[in-house]
Amino acid sequence: MSCVFVDANIVIDLLCERYPWFPSVMRIFNMADLGQIDLYCSSLSLGTASYLMETRKMSPQDIFEAIDLLCQVCTPTAVDASVVREALDSDFTDFEDALQHFSAKTVDADCIVTRNKKDFRASDIPVYELEEFMTLMAGE
């Protein structure tokens, strides 16, 4: 698996350093930094993470710097009108998860990594919990 899409919760765990998930999440971003995988996230995730970082009283400069660093190892994908339309017309019960899924499809993602696998039951892309994904990668 070389094209890996991370769900918003993974991006937020990283940028907001949310425990207890932060140390595990760092592993997948380190894999991308080492060139072991191509990592993607939706641009929507960055906006959501930015908002949450603001609520944690991070300065605008720190927020921009953190997102810039993330974008050096994780390429943002589009959430445009066609992604929105596909999400609206899908069998997903959660609109935000549908947006994530169809954004992942724009880069032909091999899989989606999340902390809420059950939210992606309608996905036609393989979906893994973070630890499940790391175990899979260790076996390759």
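Computed from a prediction, not measured in an experiment: that's the story for all the values here.

Cut-offs and rules
Residues numbered from 1 in each chain as written. Predicted model: local features only at pLDDT ≥ 70, side-chain atom pairs only at ≥ 80, totals over all residues. Heavy atoms only, no water. Helix = DSSP H or I, 4+ residues; strand = E, 2+ residues; numbered from the N terminus. Buried < 20%, exposed > 50% of the residue type's maximum accessible area, 1.4 Å probe, protein only. Phe/Tyr/Trp six-rings, centres within 6.5 Å; stacked < 30°, edge-to-face > 60°.

Caption draft 1: Representation of the environment of Met137. Tracing the chain through its elements places Met137 in helix α7 (residues 130–138). Overall, Met137 belongs to the buried group, its relative accessible area being 14%. Expressed as a C-alpha distance, the spacing of Met137 and Ile37, which sit 100 residues apart in the sequence, is 9.8 Å.

Caption draft 2: Local environment of the packing of aromatic side chains. Applying the stated criterion across every chain, the model contains 3 aromatic pairs. Residues Phe92 and Phe102 carry aromatic rings whose centres are separated by 6.2 Å and whose planes lie at 70° to one another, so their mutual orientation is edge-to-face. One end of the pair, Phe92, is in the loop between α5 (81–88) and α6 (95–105); the other, Phe102, is in helix α6, and 10 residues separate them in sequence. Since its relative accessible area comes to 12%, Phe92 is described here as buried. Taking relative accessible area as the criterion, Phe102 reaches 11% and is therefore assigned buried. Judged by centre distance (6.2 Å) and plane angle (85°), the rings of Phe92 and Phe120 are edge-to-face. In this pair, Phe92 is assigned in the loop between α5 and α6 and Phe120 in the loop between β4 (111–114) and β5 (127–129), connecting sequence segments 28 residues apart.

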